[in-house]
Amino acid sequence: MGLGGGLLNILLKYFLHGVSFSFLRLVLAIVWTIIAVALVFIGSIIGLIIGFLVLFYIIGGINAVLTDLIWGVSILKRIGKAC
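Residues numbered from 1 in each chain as written. Predicted model: local features only at pLDDT ≥ 70, side-chain atom pairs only at ≥ 80, totals over all residues. Heavy atoms only, no water.

Engineer: What is the right way to look at the overall build of the chain in this model?
Structural biologist: Helix and strand counts for the chain stand at 3 helices and 0 strands. Sequence-ordered secondary structure for the chain, helices as α and strands as β, is α-α-α. Looking at the chain as shown, the accessible area adds up to about 6,500 Å², and 79% of this sits on carbon and sulfur atoms. (Helix = DSSP H or I, 4+ residues; strand = E, 2+ residues; numbered from the N terminus. Areas by Shrake-Rupley, 256 points an atom, 1.4 Å probe, with all protein chains shown as cover.)

Here it is in structure tokens:
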């Protein structure tokens, strides 16, 4: 295929990663909103802080799963090697 085929394959993976990440983030943002509202009703400031922590874990989890599926790079194995 040559250099052009490899570049096209990489660009398609970037596109797939971006579109998948955006779609999953939209879906999970709705779930996060429900969780955050419930936590804020339970305890205002603490609930809001916990809600943002949940949001960060959701975003990191989505990115780790997509990276593993699309690029074949396991984030958990890389973290284990670094420690």
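What follows picks up the thread again.
Engineer: I'm lost on the side chain of His17 in this one. Help?
Structural biologist: Relative to the helices and strands, His17 resides in helix α1 (residues 2-42). Excluding residues that lie within four positions of it along the chain, His17 makes contacts with Asn63, Leu66, Thr67, Ile70 and Trp71. (Contact = heavy atoms within 4.5 Å.)

Engineer: What's the story with a nonpolar patch on the surface in this structure? I'm lost.
Structural biologist: The grouping of Val40, Ile45, Leu48, Ile49, Phe52, Leu53, Phe56 and Tyr57 at the surface amounts to a nonpolar patch, some 850 Å² of accessible area in total. The element best represented in the nonpolar patch is helix α2 (residues 44-71), accounting for 7 residues. Inspection of the secondary structure puts Tyr57 in helix α2. A residue is classified by how much of its surface remains accessible, and Tyr57, at 70% relative accessible area, is exposed. (Patch = residues over 30% accessible without salt bridge, like charges linked within 9 Å, V, L, I, M, F, W, Y side chains within 5 Å. Salt bridge = Lys/Arg side-chain N within 4 Å of Asp/Glu carboxyl O. Buried < 20%, exposed > 50% of the residue type's maximum accessible area, 1.4 Å probe, protein only.)

Engineer: I keep staring at the packing of aromatic side chains and nothing clicks. Help me out?
Structural biologist: Two aromatic rings, taken as a pair, are described by how far apart their centres are and by the angle between their planes. Counting across every chain of the model gives 2 aromatic pairs. Ring centres of Trp32 and Phe52 lie 5.8 Å apart, and the angle between their planes is 50°; on these two criteria the pair is classed as tilted. Here Phe52 lies in helix α2 and Trp32 lies in helix α1, a separation of 20 residues in the sequence. Residue class for Trp32 comes out buried when judged on its relative accessible area of 16%. Given the relative accessible area of 38%, Phe52 is considered partly exposed. (Phe/Tyr/Trp six-rings, centres within 6.5 Å; stacked < 30°, edge-to-face > 60°.)

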